[in-house]
Amino acid sequence: DSGVTQTPKHLITATGQRVTLRCSPRSGDLSVYWYQQSLDQGLQFLIQYYNGEERAKGNILERFSAQQFPDLHSELNLSSLELGDSALYFCASSAPATGGGYNSPLHFGNGTRLTVT
Amino acid sequence: QKEVEQDPGPLSVPEGAIVSLNCTYSNSAFQYFMWYRQYSRKGPELLMYTYSSGNKEDGRFTAQVDKSSKYISLFIRDSQPSDSATYLCAMSRGPGGGNKLTFGTGTQLKVEL
């Protein structure tokens, strides 16, 4: 168990709808990352938050948004859903980097499987 | 061309075999290299984490990084059926580049009894 908790595990919804995915990072981790995994694209970085602030953005659609709350949990909001948004959405967290800028490894949750019908 | 290339397999080996998994990359800015294992319907699980070139060993697993060739490898000794999973390489840039990971597409491994 990585310590990263994602809810819900499964989500089935219709095109045009909006959903919210939730992530609780490991205790002590300040960074939260969202990734999308589809069969044809593999794991794609969406967005990163650090201690409540957006730190980096990847291939995230304008229909998608995220935020990190003061208690460090994060939510990924997906709106105007399309069939192509069906995928696994993973959240990961990492500890603050140690001195010298050594990056901390990412630890992943078990994901939310989104099916858009 | 993708930044990180990984043979998708599937790779099938007998129990006890030595497994070699590889990735090549094109971005010379990558300095941190990882291997993740992903079982079906689960999240990626960190196996190995290395910085820059060299070898790192942890139990039956050895990670190698050759930055001059832009080539990384994961060796699994005495492979077990429980090693059957998809193995993902991942890498990130150093300070200033953030901690964003770029993944390979994964190699599916099956260890047969």
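Refer to the structure printed above.
Here's what I pulled together on the structure shown here. Here the residue numbers are simple positions, counted from 1 along each chain's written sequence. As they are written, the chains are lettered A onward and the ligands numbered 1 onward, keeping that order. With the structure being a predicted model, the display of local features is reserved for residues of pLDDT at least 70 and the display and counting of side-chain atom pairs for 80 or more, all residues being used for whole-chain, interface and lining totals. Where side-chain values are given, they derive from all heavy atoms of the structure, hydrogens and water being excluded.

## Here we look at the sheet that holds strand E6 (residues 54–58) of chain B
Residues and elements named next belong to chain B.
1) Next: The rule for pairing is simple: two strands pair if DSSP sees at least two bridges between them. Only DSSP runs of H or I reaching four residues or more are called helices, and only runs of E reaching two or more are called strands; each is numbered from the N terminus. Strand order in the open sheet formed by five strands is E1-E3-E8-E7-E6, with antiparallel pairing between adjacent strands. The sheet terminates laterally at strand E1 (4–6) and E6, the two strands that pair on one side only. Within the sheet, the average angular offset between the axes of one strand and its neighbour, ignoring direction, is 15°.
2) Next: Alignment of E6 against strand E7 (residues 61–66), held across five bridges, turns out to be antiparallel. Bridge pairing in E7 places Gly54 opposite Val65. To obtain each axis, a line is fitted to C-alpha atoms, and for helices this fit is confined to the stretch in contact; angles are then taken between N-to-C directions over 0 to 180 degrees.

## Some details on the nonpolar core
1) Next: Take the buried Ala, Val, Leu, Ile, Met, Phe, Trp, Tyr and Cys residues and link them wherever side-chain atoms come within 4.5 Å; each set so joined is a nonpolar core. Accessibility here uses a 1.4 Å probe with only protein chains present; expressed as a share of the type maximum, an area under 20% marks a residue as buried, one over 50% as exposed, and anything in between as partly exposed. Residues B:Trp35, B:Ile72, B:Leu74, B:Ile76, B:Tyr87 and B:Met91 are the most contacted members of the largest nonpolar core, which totals 24 residues.
2) Next: Those elements that provide at least two residues to this core are strand E3 (19–25), strand E4 (30–38), strand E5 (45–51), E7, strand E8 (71–76), strand E9 (85–93) and strand E11 (107–112) of chain B.
3) Next: The criterion used for residue contact is that any of the two residues' heavy atoms lie within 4.5 Å. The contact partners of B:Ile76, leaving out residues within four places of it in the chain, are B:Ala17, B:Ile18, B:Val19, B:Leu21, B:Arg60, B:Phe61, B:Asp83, B:Tyr87 and B:Leu109.
4) Next: Among the nonpolar cores identified, the runner-up in size contains 21 residues, and A:Leu11, A:Leu78, A:Ala87 and A:Leu114 belong to it.

## Some points on the layout of surface pockets
1) Next: Here a cavity denotes a set of grid points, spaced 1 Å apart and computed over the protein atoms alone, in which a 1.4 Å probe fits but from which it cannot get out, and a pocket denotes an open set meeting protein on both sides within 12 Å along at least five of seven lines; residues with an atom within 4 Å of a point are reported as lining. Grid points are joined across faces, edges and corners, and a volume is the space filled by probe spheres set on the points. If you add up the space inside the largest pocket, you get close to 680 Å³.
2) Next: Surrounding the largest pocket, 26 residues form its lining, A:Gln37, A:Ser38, A:Leu39, B:Gln38 and B:Thr86 being those nearest its centre.
3) Next: Put simply, the parts of the chain that give the lining of the largest pocket at least two residues each are strand E4 (31–38), strand E9 (87–94) and strand E11 (112–116) of chain A together with E9 and E11 of chain B.
4) Next: Note that Gly is not counted as nonpolar here; it falls among the polar residues with everything else outside the nonpolar set of Ala, Val, Leu, Ile, Met, Phe, Trp, Tyr, Cys and Pro and the charged set of Asp, Glu, Lys and Arg. When the residues that make up the lining of the largest pocket are grouped by side-chain class, the tally is nine nonpolar, 13 polar and four charged.

## Concerning the pattern of salt bridges
1) Next: Whenever Lys or Arg places a side-chain nitrogen within 4 Å of a carboxyl oxygen from Asp or Glu, that contact is recorded as a salt bridge. Tallying each qualifying case throughout the model produces seven salt bridges over all chains.
2) Next: One salt bridge in this structure joins A:Arg26 and A:Asp29, with 2.8 Å as the shortest N-O distance.
3) Next: A relative accessible area of 23% means that A:Arg26 is categorised as partly exposed.
4) Next: Two residues, B:Arg77 and B:Glu57, come together in a salt bridge whose shortest N-O distance is 3.5 Å. Of this pair, B:Arg77 sits in the loop between E8 and E9 while B:Glu57 sits in strand E6, and the two are 20 residues apart along the sequence.
5) Next: Residue class for B:Glu57 comes out exposed when judged on its relative accessible area of 59%.
6) Next: Salt bridges sharing common partners tie together A:Arg63, A:Glu82 and A:Asp85.

## A few points about the pairing of E9(A)
Residue and element names in this part refer to chain A.
1) Next: Taking burial as the measure, the eight residues of E9 include eight buried ones, the bulk of the element.
2) Next: Here E9 shows no split at all, with Ala87, Tyr89, Cys91 and Ser93 on one side and Leu88, Phe90, Ala92 and Ser94 on the other all buried.
3) Next: The pairing of E4 with E9 spans seven bridges and is classified as antiparallel. Its bridge partner being in E9, Val32 is matched across the sheet by Ser93.

## Here's the deal with the interface of chain B and chain A
1) Next: At the junction of the two partners, chain B supplies 20 residues and chain A supplies 20 residues.
2) Next: Defined here as a combined quantity, buried area equals the accessible surface (1.4 Å probe) lost by two parts on assembly, summed across both. Between chain B and chain A, a total of about 1700 Å² is buried, with carbon and sulfur atoms accounting for 55% of that surface.
3) Next: Applying the counting rule to chain B against chain A returns zero salt bridges.
4) Next: Of the residues belonging to the side of chain B that touches chain A, the class tally is ten nonpolar, six polar and four charged.

## A word on the state of the cysteines
1) Next: Note on terminology: disulfide denotes any pair of cysteine sulfur atoms within 2.5 Å. Under the defined criterion, the tally for this structure stands at two disulfides over all chains.
2) Next: Between the sulfur atoms of A:Cys23 and its disulfide partner A:Cys91 the distance amounts to 1.8 Å. Sign of the S-S torsion, about -55° for the bond between A:Cys23 and A:Cys91, identifies this disulfide as left-handed. Of this pair, A:Cys23 sits in strand E3 (residues 19–24) while A:Cys91 sits in strand E9, placing them 68 residues apart in sequence.
3) Next: Residue A:Cys23 is classed as buried on the basis of its relative accessible area of 0%.
4) Next: For B:Cys23, the disulfide goes to B:Cys89, at an S-S distance of 2.0 Å. Here the S-S torsion is close to -100°, and the disulfide linking B:Cys23 with B:Cys89 is therefore left-handed. In this pair, B:Cys23 sits in strand E3 while B:Cys89 sits in strand E9, placing the two residues 66 residues apart along the sequence.
5) Next: With a relative accessible area of 1%, B:Cys23 lands in the buried category.

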